Amino acid sequence: MSLPTYPGYKDSGVDWLGTVPEHWDSKRLKFLFDLVKREIREEDRIVTCFRDGAVTLRDNRRTDGFTNAVKEIGYQGIRVGDLVIHAMDAFAGAIGVSDSDGKSTPVYSVCTPVSPSVSSNYYARLLRNMAVAGFVSSLAKGIRERSTDFRWADAGEIFLPVPSETEQRKIVSFLDHETARIDALIEEQQRLIELLKEKRQAVISNAVTKGLDPTVPLKDSGVEWLGEVPVHWKVSKLGHYAQILTGFPFPSASFSHDESDVRLLRGANIGVGSLKWIDTVYWNLGEGDSLSSYLMGEGQIVLGMDRPWISEGMRIARVTEEDMPCLLLQRVAAITPSAELDDEYLFCLLASELFKAYVEPDLTGVSVPHISPEQIMSFQISVPEIDEQRRISSFIRKQLDQISALFEQASESVELLQERRSALISAAVTGKIDVRGWQPLASALSPELVQEAV
């Protein structure tokens, strides 16, 4: 079903809001909510306001990854139903209604409605929508990168729409119901994405350890994480079949930003499967310069040695024609196989879970895990004859192309659903659609509903 718009609209007088239903009022936030400062109790546990809008006990989410204060100076009490605004992370959506009693740092603005006619859940939705739309960032006063300082002194002065109490609660019910349906669809697609990631790794790992013929007898490789391999395959260190070049320590003081110079291939440019030229820096390479030996060639395999494995996979890529010319910077390794090792087969080996299983226990470094050239060259690989390597590489490439198409389709679905979710919330909280006649059982959320509404 399509949701109607209101019969009449008026100018809200607020630039970011535009028009609102003609019977809606507007007030500053400080006239809708009171800022409260409660004493903390002995039994209070830490409440955290997360960027997804959840305000809950910290240990409901996780217990690690947080910085604990030695002294809880200025901590304040939070109660179920409070509207909470994270002053430093509001720009990213850290605004919501607490589902728990507890305590928080003074960086939170803890608010209670001035009357029962003001819905904390409605205004949490509205303020989060403003935040993710960039309104909070436009008021930025902070100096930390990717953050702002959104204190009550600023938040309280913002003019906000005031629908009737009944409409506020109807909007909240509508959004709770419909966003839950969208979230369920998003979760389905995200599960598919995870399954495709697992399938991708299974295809690679199985092909490079067992080959393509399931009838071939196997032998113990003698390597725990490699397992059994076909009896006619060799098992040897990568260093016997490849050479490695690590990048030059080009001094950052001499980096160029002139796009006519040669790009520097840094660790930050190596993604999972491809190079990403973001935040690019350059080097003025003169003719006959000795640093020309660090120029990369098309098809060259490059590996990021700092934090080599991320959640998406191994940070390894091939240099393409579009990436050239580029110079290899330190903390990046370029690996060149010998004639006995197919380069695409090697790429599959290094992009596999096998390589992760090898490097993960020995990653060095405290804040930034690092793998050394010696560790890379000591990687034990399974080596069939070159023709079989090429058949395996071709098989893997065809399988991965199919998986990649499904992965891209699922990723696009997630992105579209998230966009529709945001559009629906924005339309509802700002009165661009009229949900007063909406009933849960009659609702049939569709792309057309969102598109027509906004």
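Presented here is a report on the structure given in the accompanying data block.

Here is what the cut-offs are and how they apply
- Residues numbered from 1 in each chain as written.
- Predicted model: local features only at pLDDT ≥ 70, side-chain atom pairs only at ≥ 80, totals over all residues.
- Heavy atoms only, no water.
- Helix = DSSP H or I, 4+ residues; strand = E, 2+ residues; numbered from the N terminus.
- Rg over C-alpha atoms; globule rule 2.2 N^0.38 Å.
- Buried < 20%, exposed > 50% of the residue type's maximum accessible area, 1.4 Å probe, protein only.
- Contact = heavy atoms within 4.5 Å.
- Areas by Shrake-Rupley, 256 points an atom, 1.4 Å probe, with all protein chains shown as cover.
- Lys, Arg positive; Asp, Glu negative; His and termini not counted.
- Charge placed at Lys NZ, Arg CZ, Asp CG, Glu CD.
- Core = buried A, V, L, I, M, F, W, Y, C linked by side-chain atoms within 4.5 Å.
- Phe/Tyr/Trp six-rings, centres within 6.5 Å; stacked < 30°, edge-to-face > 60°.
- Polar contact = N/O pair within 3.5 Å; in protein donor to acceptor, adjacent residues only side chain to side chain.
- Salt bridge = Lys/Arg side-chain N within 4 Å of Asp/Glu carboxyl O.
- Pairing = 2+ DSSP bridges.
- Axes fitted to C-alpha atoms, helices over the stretch in contact; angles between N-to-C directions.

### Thoughts on the overall build of the chain
Of regular secondary structure, the chain possesses 10 helices and 25 strands. Its C-alpha radius of gyration of 28 Å places the chain more than 25% over the 22 Å reference for a compact globule of 454 residues. Once the C-alpha set of the chain is aligned to its principal axes, its extents read approximately 80 × 55 × 50 Å. In the chain, which comprises 454 residues, the proportion classed as buried is 46%. Considering only contacts in the chain between residues 6 or more positions apart, those separated by 24 or more positions represent 75%. For the chain, the accessible area works out to roughly 22900 Å², and carbon and sulfur atoms hold 50% of it. Across the chain, the mean location of the 48 positive side-chain charges is 5 Å away from that of the 65 negative side-chain charges.

### Considering the nonpolar core
In globular proteins that are soluble, nonpolar side chains generally tend to be buried together. Ranked by internal contacts, the top residues of the largest apolar core, which has 50 residues, are F33, Y123, L160 and F174. Breaking this core down by element, the ones donating at least two residues are β8 (83-86), β9 (95-97), α2 (120-132), α3 (135-138), α4 (152-155), β12 (159-162), α5 (165-210) and α9 (386-429). Looking at this core element by element, the count peaks at 8 residues for α9. Apart from residues lying up to four places away in sequence, F174 is in contact with L3, L424, A428, I433, V435 and W438. Formed by 42 residues, the second largest nonpolar core is a distinct cluster that contains L226, W309, M314 and L354.

### Brief notes about the packing of aromatic side chains
In the structure shown here, the tally under the stated rule is 13 aromatic pairs. On the numbers, 5.7 Å between centres and 80° between planes, the contact of F33 with Y123 is edge-to-face. In this pair, F33 sits in strand β4 (residues 33-35) while Y123 sits in helix α2, placing the two residues 90 residues apart along the sequence. The exposure class of F33 is buried, given its relative accessible area of 1%. For Y123, a relative accessible area of 0% corresponds to the buried category.

### Observations concerning helix α6 (residues 343-350)
Burial analysis of α6 places 6 of its 8 residues in the buried class, which makes it a mostly covered element. Residues Y345, L346, F347, C348, L349 and L350 constitute the buried set of α6. One side-chain oxygen at the N-terminal end of α6 lies 3.3 Å from the backbone nitrogen of E344; it belongs to D342.

### Considering the environment of T246
As for its placement among the helices and strands, T246 is situated in strand β16 (residues 242-246). The exposure class of T246 is partly exposed, given its relative accessible area of 30%. The spacing of T246 and L265 is 19 residues in sequence and 11 Å in space, taken between C-alpha atoms. Beyond its immediate chain neighbours, meaning those up to four positions away, T246 contacts Y294, M305, L328, V332, A333 and P373.

### What about the pattern of salt bridges?
Applying the stated rule across the entire model yields 21 salt bridges. With its nearest N and O atoms 2.6 Å apart, the salt bridge here joins K30 to E157. Placement of K30 in the loop between β3 (25-28) and β4 and of E157 in the loop between α4 and β12 is noted, with a sequence separation of 127 residues between them. On the basis of relative accessible area, K30 is assigned to the partly exposed category, the value being 33%. When salt bridges with common partners are traced through the structure, they connect R28, K30 and E157 into a single cluster.

### A look at the sheet that holds β8
Taken in spatial order, the 4 strands line up as β4-β11-β8-β9 in an open sheet, and their pairing is antiparallel. At either end of the open sheet lies a strand with only one pairing partner, and these are β4 and β9. Averaged over all neighbouring strand pairs, the angle between strand axes comes to 30°, with direction disregarded. Judged from the 4 bridges that link them, β8 and strand β11 (residues 108-113) form a sheet pairing that is antiparallel. By the bridge assignment, H86 is partnered in β11 with Y108. Strand contacts of α2: β4, β8, β9 and β11, with the helix running at about 165° to β9, the strand carrying the most contacts.

### Observations concerning the side chain of R266
Note that R266 resides in the loop between β17 (262-265) and β18 (282-283). There is a polar contact of 2.4 Å between the side chain of R266 and the backbone oxygen of D279. Setting aside its immediate chain neighbours within four residues, R266 contacts F255, I278, D279, V281, L329 and V332.

### Re the side chain of S205
Tracing the backbone through its elements, the reader meets S205 in helix α5. Once residues lying within four places of it in the same chain are set aside, the contact partners of S205 are S352, E353 and L354.

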